[in-house]
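# Coordinate inspection notes
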Amino acid sequence: PAVALAHAALILEPADHILHLGYLTKDRVGDLGPERYVTVNIGITTAVLGLIDAWRPKGLFYTSSGAVYRRSGALETDLVANPYGALKRIDELTLRAACRDIGSTSVVARVFSVAGPYITKPELYALGDMILQATTTGAIAIRATAPVFRSFMGVGDLITVGLASLLADGDHGHDGGDT
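Residues numbered from 1 in each chain as written. Predicted model: local features only at pLDDT ≥ 70, side-chain atom pairs only at ≥ 80, totals over all residues. Heavy atoms only, no water.

A word on the pattern of salt bridges. This structure, assessed with the given rule, holds six salt bridges. Where E92 meets R89, a salt bridge forms, and the shortest distance between an N and an O atom there is 3.0 Å. Highlighted residues: E92 and R89, both in helix 5 (residues 83-101), separated by three residues, approximately one helical turn. For the pair shown, E92 and R89 are each scored as buried. E92 serves as the salt-bridge partner of R96, at 3.7 Å between the closest nitrogen and oxygen. With R96 and E92 both in helix 5, this residue pair falls four residues apart, about one helical turn. Residues R96 and E92 agree in their burial class; the two are buried. In this structure, a network of salt bridges that share partners links the residues R89, E92, R96 and R110. (Salt bridge = Lys/Arg side-chain N within 4 Å of Asp/Glu carboxyl O. Helix = DSSP H or I, 4+ residues; strand = E, 2+ residues; numbered from the N terminus. Buried < 20%, exposed > 50% of the residue type's maximum accessible area, 1.4 Å probe, protein only.)

The final tally for this structure, using the stated rule, is two aromatic pairs. Relative to F112, the ring of Y69 lies with its centre 6.2 Å away and its plane at 15°, an arrangement referred to as stacked. Here Y69 is found in the loop between strand 2 (59-65) and helix 5, whereas its partner F112 is found in the loop between strand 3 (105-111) and helix 6 (126-136), with 43 residues between them in sequence. We classify F112 as partly exposed; its relative accessible area is 37%. Above the ring of Y23, the side-chain terminus of K88 is found at 4.4 Å from the ring centroid. (Phe/Tyr/Trp six-rings, centres within 6.5 Å; stacked < 30°, edge-to-face > 60°. Lys NZ or Arg CZ within 6 Å of the ring centre and 35° of its normal.)

Shape descriptors only; they carry no functional weight alone.
Written out as structure tokens, the structure reads:
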């Protein structure tokens, strides 16, 4: 995916806005091994940085992850223990800085759970797992070691909010503005 993305600047017309939704999910660490996983995701990040540099867009909308938080609530910094969360946090900071450097807007939405008819691994996400349990066993077991608070929105609504934020004035990529 990173190689194809890196060539986008060469084959596509520059865009006013970039929507960055692609990233290898945390379950791929086991498939690829930690080193390859980090290498591929860093490749995706550098390709997006290349697009920002080449196209100088007015804005970037990026979906990050709730995995940027440790169980304690602190932001993740341990690349060995949680490569997905640490890389997503590094991406947030890197992409915001790249946009800031060119006077562009960045919007970062932290997505904590994914569900829907095309979800590939429902057991990895809270809502998807509850739906899977309900449809297979008829019962739902919720296991959490701490209080969990969630709100849900459709992916179309998420994209709409992201695009509306991009078109509004100001940088919406600061901590505390999670969606």
